[in-house]
Amino acid sequence: MSSLRTHPEPVLVLLLLIQTQLVVVHSLLASGTFMNHTAVLVVPCVPDHASALLQLKRSFVTTNESITAFRSWRAGTDCCGWEGIRCLGGKGRVTSLDLSHRRLRSRALNPSLFNLTSLEHLNLAYNDFGGSQLPSTGFERLLKLTHLNLSTCNFDGQLPTSIRELTNLVSLDLSTGFKIVEALHAGFNVTIASHNDSSQLVEPNFQTLIAKLGNLREIKLGLVDLSGNGVQWCDALAKSTPKIRLLSLPYCKLTGPICTSLSSLHSLVTIDLEHNHLSGPIPDFLTNFSSLRVLQLQRNKLEGWVSPAIFLHKKLVTINLYHNLELSGNLPNFSTSNSFENLVVGRTNFFGTIPSSISNLKSLKRLGLSAYGFSGELPSSIGKLKSLNSIEISGTGLVGSIPLWVANLTSLKNLQFSDCGLSGPIPSFIGDLTKLETLFLCNCSFSGKIPSHISNLTQLQILSLYENKLFGIVELTSLRKLPHLYLYDISYNYLVVVSGGNSSFVSFPKIEILGLAGCKISEFPSFLRYQYNIKSLDLSDNQIHGAIPKWTWENWDEILFLELANNRFTNIGYAPLLPLSIEVLNLRNNMFQGPIPIPRGSASALIYDGNKFSSIPSNFTSHLSAVTLLTVSRNNFSGNIPSSFCGPTSIQLLDMSYNNLNGSLPACLMENANGMVSVNLKDNELHGKFPDSFTEGCSFEALDLSDNWIEGQLPRSLVACKNMQILDVGNNLISDSFPCWISSLHRLEVLVLKSNKLFGHVAQSLGEEKPSGCAFPSVRIVDVSSNNFSGPLPQDWWFKKLKSMILRDSNTSLVMDYGVPQGGTSYMYTTAITYKGHDTAFAKILRTLVFIDVSNNAFSGDIPEAIGELVLLHGLNMSHNFLNGTIPSQVGHLNQLEALDISSNEFSGVIPHEIASLDFLTMLNLSYNKLEGKIPESPHFLTFSDNSFLGNDGLCGSPLSKECNNATIPNVAQHTSEDNYVDIMLFLFTGLGFGLGFAVVIVVTWVLPCRK
C-alpha cells in the first residue's frame, strides 16, 4: 500500500494498460462467437489444417460463387482468419467450418476434410456435390463434432456407417429442402414436390444409425429414404434419443402408427412427420408435451377422432393435419391464452360450424379450414384477425357469397375458398388485397366474368378458378400483367380462351402449372412455345385438332404431367421415341394413329386409351424401366401380345382391353416375375388354354381375361395369387367344374365366371369340401350365369359365409382402385355384369355394389332361406333355371335390393307381401312361373309394368289386365313410407378403368344370348 502512495503514476499507467488489454481480448472473444467473423487467435493456424482446407478448396469447381467464397483463403495467411473458419481453444486448430449457402459445386466430398479432427461444427448445406455418395470412411475421425449439417447437398446412396460413431452430436441435419405445389383440378390432385436434385440418401437401419447418438437434441432427415425400417423407427427414437427436442422426418416414407413409446420424449418442441405413410390415430399423449410448439402431420394416412384438447394446448404455435382424409373432429371454443400462429385441418373429415371464438387467436397467421364437413355461415369475427396472411376454407355446407370481412384482411398473401357452397360473383375488393400471392376460388359456384381488377394483384403467383360457373372470353395476353404468376388454372367453367392477338410473348410470366381444360380451345396455344418451365399442362376436353407441335416435346424437358385427353389430335408430331422424361402422359380419346409414343427418359403412367394406335415400337421395353401404368385399351392393336412385356419392366398395371389381339396368352405374363398387379385383356381374340404358370409370390390383384376364346380348365396355380381381388374370365370357352379351390384366395371380392362351359352340381362340389373350405368371405360380386351348372343351389351355410354381403367393412375404401405411386393418379378396376336386365359395364367398381347372378343354368330345388341374410344385396338374378317351391318371405329382408329377377322358373304359391315393402326395388321380374293369387298392392308395386308378372296364369290384379274374383286373397298390408321412391345411384363412371374424374356414363346393351 505504501508503494502505491509513493509511486502512484507508473502503477496507474500499468493498471490502465492491463485493463485495455482485457477489454480488447474480451472484444475479440465476443466477435469469435459469430461463425463468419474472424475468431480470436492465441496461436496461428496449424499447417496441417491450412493444408487440408486448401485441398478442400481445390476440390470445388471454379465459378463466380467459389471465387467469392474463397477470396480470403490464401496460402501463407492464417487459416483461422479465413471466411467461414473458426479456431477456438487457443491451439490454432480449426473447430468450425461453415460453407453453407455458397452455391459451390464439386464432384464429391474431398477426404481432406477428415484431417480437421478438431471440428465441432461442420456446415456444408446448400452446395452441390453432384449426386455422389458420402465417403464410406472418415466421419469416425471427427469425434468432437457436435453439429453436422449436410442439408440439400445432392448426395446420393446409403448413409455411411461412420456417422454412427459421432457420439457427441447434438444436431444432425442430412435433409433435402423441398417445395410442394398442389394443383387441384379435373377431379384429382397434382402434387409436385420439387427440390434441387434428383438424388436421395437412404438409411436401411435407422435404429443402428441413432443407437449411439444419445446426446442428440435435433435430428433432420427430410427426404432420406427410411422405408426399409418398417414401424421400428418410432421405438428406436424413443429408446436412443431421450433428449431430443426437434424431430424432423418429412418425406421419409415412414409407415406404421405413432408409437406409444414416443410419449417418453417430454422435451420435444418440434415434431415434423409430414408427407409419410403414417396410420392410426393421433395419440392423446401429445397434449401432455408441455414444451411442444410445432406439430406437423400433414399428408399421412392418420385416422380416427382428434381430441379437442390438442387445440387448447397453451404453447402450441403450429398444428397442421392437412390431407389426412380419415381424421375427424371439430373445432373447440378458443380462448385468448392460445398461442396459435398456424392452424390447418384442411382435407380431413372435420365437420361442424366454425366457432366465432376463433377471433381470440390474435397471433394467427395461417388458418386452414378446407375440410368438406364445415357448414353454416362463416363467422364475421375472422375479419378481426389482422395478422392473417393465409386463409383456406372449404365446406359444401357453407352458404352465401364471399364475405365482406375478407376486405379487412389486408395482410393476406393466400386466399382460398374451395369445394364449398359459396356462390355469386367474385367481389371487386379482391383487387385491393395487393399482397396476395395465391388466389384459389375453386369448385364452388362462383359466377359472372373473371373481374379485371385481378390484374391489380401484381404479386400473384397462383391463380386457380377451376370448376365454377364463370363465363366470358379470356385473353391469354392478360397474363402479362401478372409477372410472378407460375400457376394458372381456369378449367371447367363456361369460359372461352383465346390467344388475344399477336402480342409478344417474351414478357409473359414463367408458367409452371397451367390448367385450361374444358375451355373451348380449338388450337394449341401458341404462347406455350415460349414457356420453358412447364411442369404440368392440362388441355383436356377441348376441341384442339391436328398435330401436337414438335416444340412441345423439345422445349419441356422438365414436364411432369401432360394431359391432352378428349381432343381431336391426329398426330403426335414427333418420332415414337419422345425426347423427354415425364410422370403422366395422358392422350386418351383422340384420333392418333400408328405406333404409340414412348418417352425416351422415365415415365410413371402412359395413358393411350381410345385412339387408333396400331403398333408398339420394337425396342419399347428398354424405355419403360420406371413405367407403373400402361393402358392402351380401345385401339387397333392386333397380332400376338409382345413377349417383351415379360422382360425387365416395372409395369404394374397393364390394360390392353378392347383391341384385336390374337394368339395365345403368354405363359410368362402369368408367371408374374416382375410383380405385376393387374392385367386387363378383355374383349380381344385370344385363344388357347389358360396357362397354368402362376408362381409362388404372385402379386396379381386383378385379372380380366373376359370376352376372348380361352379354353381348357381354370389353372390350379391361381391359388398362388393370395392378393387377388378381382377375377373375371367371363364369356370364354372354359370347361371345368365349380372352382371351390379358389376360395383359398381370401381377399377375392369379384368373381365372374359367366358364359363359359362350366358344369356339374355346385352343391355337390361344395359338399365335398368342409364348410370352411369353400367360403368366400370377401366376395361382393358373384356371376356364374350362362353355364351348365345343375342340381340344387348351395346350402344355407354357404350363403351365411358371404360375410361381405352381410356386414359392411368400414375400413375399406369406397372404390376398388390402385394408386400409381409416382403419378398421383389411380387406376380404376372395372367389371361387366347383367344388371337390371341390361349388360352394364361398370368402369368403376364401388364396394357398395353387391350382386349375385346364377341365371341361365339348370339349377333346381328351392331358394335357400339364408338368402335373406345377405342384407347388402343390390341385385339378385336367378332367372332361367328350374327352381321351384315358393318364394321365401326372407327375400323381403333384403331392404337394399334394387333388382330381383327370378323369371322363367317353376315357382308356385303367392308373391310374398314382404317383397312389396322393398322401397329401393326398381327392377322386378317374376314372369313365367306358376305363381298365383293377387299381386300385392302397394304404391311401390304400382310402378312395375305387367311385363314383371306375365306368364303366371294364376296371378291377378294390377298391373295385369286380369281382375281378381272373390277368391281367398292373402291379406297384404299396404306399405307406406314417409319417403317417396328412391333409387340408390351406383355412381357409374367412365374412364375405361383409369379414373381421372371425367363424365358419368353407363354402357348399356340389351342382353342377347349370343357370343361374338
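Everything numeric here is computed off the predicted structure, so don't read it as measured data.

### Focus on the overall build of the protein chain
Along its length, the protein chain carries ten helices and 71 strands. Relative to its 1012 residues, the protein chain shows a buried fraction of 54%. Of the contacts formed within the protein chain by residues at least 6 apart in sequence, a portion of 59% connects residues at least 24 apart. With the model as given, the accessible surface of the protein chain reaches about 41600 Å², and the carbon-plus-sulfur share is 52%.

### A word on the side chain of Asn684
Here Asn684 shows up in the loop between strand E48 (678-680) and strand E49 (687-689). A distance of 3.1 Å separates a polar atom in the side chain of Asn684 from the backbone oxygen of Met656. Within the structure, the side chain of Asn684 is placed 3.3 Å from the backbone oxygen of Lys682, a separation counted as a polar contact.

### Description of the sheet that holds strand E28 (residues 445-448)
Taken in spatial order, the four strands make up an open sheet running E26-E28-E30-E32, and their pairing is parallel. This sheet does not close on itself; its edge strands, each paired only once, are strand E26 (423-425) and strand E32 (494-498). For this sheet, the mean inter-axis angle between neighbouring strands, taken without regard to orientation, is 30 degrees. In this sheet, strand E30 (residues 469-475) lies alongside E28 in parallel orientation, the contact comprising two bridges.

### Describing the state of the cysteines
Per the stated rule, a full pass over the model turns up eight disulfides. Across a sulfur-sulfur distance of 2.2 Å, Cys420 and Cys444 are joined as a disulfide pair. Its S-S torsion of approximately 115 degrees makes the covalent link between Cys420 and Cys444 right-handed. You can see Cys420 sitting in strand E25 (residues 414-420) and its partner Cys444 sitting in the loop between strand E27 (438-442) and E28, a full 24 residues away along the chain. Across a sulfur-sulfur distance of 1.9 Å, Cys956 and Cys964 are joined as a disulfide pair. Taking the torsion about the S-S bond as the criterion, the Cys956 to Cys964 disulfide, at about 100 degrees, is right-handed. On the accessibility criterion, Cys964 (23% relative accessible area) is partly exposed. Note on Cys442: no disulfide assigned, nearest cysteine sulfur contributed by Cys444 at a separation of 7.6 Å.

### Concerning the pairing of strand E51 (residues 709-712)
When E49 meets E51, the two strands line up parallel, connected through three bridges. Residue pairing across strands places Gly688 opposite Ile710, the latter belonging to E51. Pairing of E51 with strand E53 (residues 733-734), which is carried by two bridges, proceeds in the parallel orientation. Across the sheet, residue Glu711 finds its bridge partner in E53, namely Leu733.

### Observations concerning the pairing of strand E67 (residues 906-909)
A one-sided burial pattern is seen for E67, the buried positions being Phe907 and Gly909 and the unburied ones Glu906 and Ser908. By the bridge criterion, three bridges tie strand E65 (residues 882-886) to E67 in an arrangement that is parallel. Each bridged residue has a counterpart across the sheet, and for Asn884 the counterpart in E67 is Glu906. Relative to strand E69 (residues 930-934), E67 is paired through two bridges, and the arrangement is parallel. For Gly909, the partnering residue across the bridge sits in E69 and is Leu931.

### A closer look at the sheet that holds E65
Reading across from one edge, E55-E57-E63-E65-E67-E69-E70 is the order of the seven strands in this open sheet, with parallel pairing throughout. Edge strands, defined here as strands with exactly one partner in the open sheet, are strand E55 (759-761) and strand E70 (954-956). Taken over all neighbouring pairs, the strand axes of this sheet differ in orientation by 20 degrees on average, direction set aside.

### Points about the confidence of the model for the protein chain
Scored by pLDDT, the protein chain has a mean of 86; 87% of the residues are at 70 or more. Low pLDDT (under 50) marks residues 184-196, which in the prediction has 52 contacts with non-local residues, meaning those over four places away or in another chain. Overall, residues 970-1012 carries pLDDT values under 50, and its contacts beyond four positions in sequence, including any with other chains, amount to 104 contacts.

### Some points on the environment of Arg58
Mapped onto the secondary structure, Arg58 falls in helix H3 (residues 47-58). Between the C-alpha atoms of Arg58 and Phe70, which are twelve residues apart in sequence, the distance is 10.0 Å.

### Regarding unusual backbone geometry
Between Ser958 and Pro959 the backbone carries a cis peptide bond, its omega angle lying at 15 degrees. Tracing the backbone shows Pro959 in the loop between E70 and strand E71 (1003-1006). In this model, His880 sits at a positive phi of 55 degrees, which is unusual for a non-glycine residue.

### A short note on the pattern of salt bridges
Overall, the coordinates contain 17 salt bridges when judged by the stated rule. Between Asp609 and Arg588 there is a salt bridge, and its shortest N-O distance comes to 3.5 Å. Note that Asp609 is positioned in the loop between strand E42 (605-607) and strand E43 (612-615) and Arg588 in the loop between strand E39 (584-586) and strand E40 (593-595), a separation of 21 residues in sequence. Of the two residues, Asp609 and Arg588, neither departs from the other in class, the shared state being buried. For Lys934, the salt bridge goes to Glu937, with nearest N and O atoms at 2.5 Å. According to the relative accessible area criterion, Lys934 is partly exposed, its value standing at 25%. Sharing partners across several salt bridges, the network here consists of Glu512, Lys535 and Glu558.

### A short note on the nonpolar core
Among the nonpolar cores identified, the biggest contains 262 residues, and Leu97, Phe311, Phe417, Phe524 and Phe690 are the most heavily contacted of them. Here this core gets five residues from one element, more than from any other, and that element is H3. In contact with Phe690, not counting residues within four places along its chain, are Leu665, Met670, Leu703, Leu705, Ile710, Glu711, Gln713, Leu714, Pro715, Val729 and Ile734.

### Observations concerning the packing of aromatic side chains
Applying the stated criterion across every chain, the model contains 28 aromatic pairs. Seen in terms of ring centroids, Trp73 and Trp82 are 5.3 Å apart; in terms of plane orientation they differ by 25 degrees. Their pairing is stacked. Looking at Trp82, the relative accessible area reads 3%, which means it is buried. Linked through ring pairs, Phe524, Trp551, Trp556, Phe569, Phe592, Tyr608 and Phe613 together constitute an aromatic cluster. Geometry around Tyr658 places Arg634 over its ring, the cationic atom sitting 3.8 Å from the centre.

### Regarding the environment of Gln713
With respect to the helices and strands, Gln713 occurs in the loop between E51 and strand E52 (726-728). Along the primary structure Gln713 and Pro739 are separated by 26 residues, whereas in three dimensions their C-alpha atoms are 9.7 Å apart. Ignoring anything within four residues of it in the chain, the contact list for Gln713 reads Phe690, Ile734, Ser735 and Asp736.

### Some details on the environment of Gly909
Within the element layout of this structure, Gly909 appears in strand E67. Along the chain, Gly909 and Gly954 lie 45 residues apart, while their C-alpha atoms are 9.0 Å from each other. Discounting chain neighbours no more than four positions away, the residues touching Gly909 are Thr886, Lys930, Leu931 and Glu932.

Thresholds, definitions, all that
- Residues numbered from 1 in each chain as written.
- Predicted model: local features only at pLDDT ≥ 70, side-chain atom pairs only at ≥ 80, totals over all residues.
- Heavy atoms only, no water.
- Helix = DSSP H or I, 4+ residues; strand = E, 2+ residues; numbered from the N terminus.
- Buried < 20%, exposed > 50% of the residue type's maximum accessible area, 1.4 Å probe, protein only.
- Contact = heavy atoms within 4.5 Å.
- Areas by Shrake-Rupley, 256 points an atom, 1.4 Å probe, with all protein chains shown as cover.
- Polar contact = N/O pair within 3.5 Å; in protein donor to acceptor, adjacent residues only side chain to side chain.
- Pairing = 2+ DSSP bridges.
- Axes fitted to C-alpha atoms, helices over the stretch in contact; angles between N-to-C directions.
- Disulfide = S-S within 2.5 Å.
- pLDDT = per-residue confidence, 0-100.
- Salt bridge = Lys/Arg side-chain N within 4 Å of Asp/Glu carboxyl O.
- Core = buried A, V, L, I, M, F, W, Y, C linked by side-chain atoms within 4.5 Å.
- Phe/Tyr/Trp six-rings, centres within 6.5 Å; stacked < 30°, edge-to-face > 60°.
- Lys NZ or Arg CZ within 6 Å of the ring centre and 35° of its normal.

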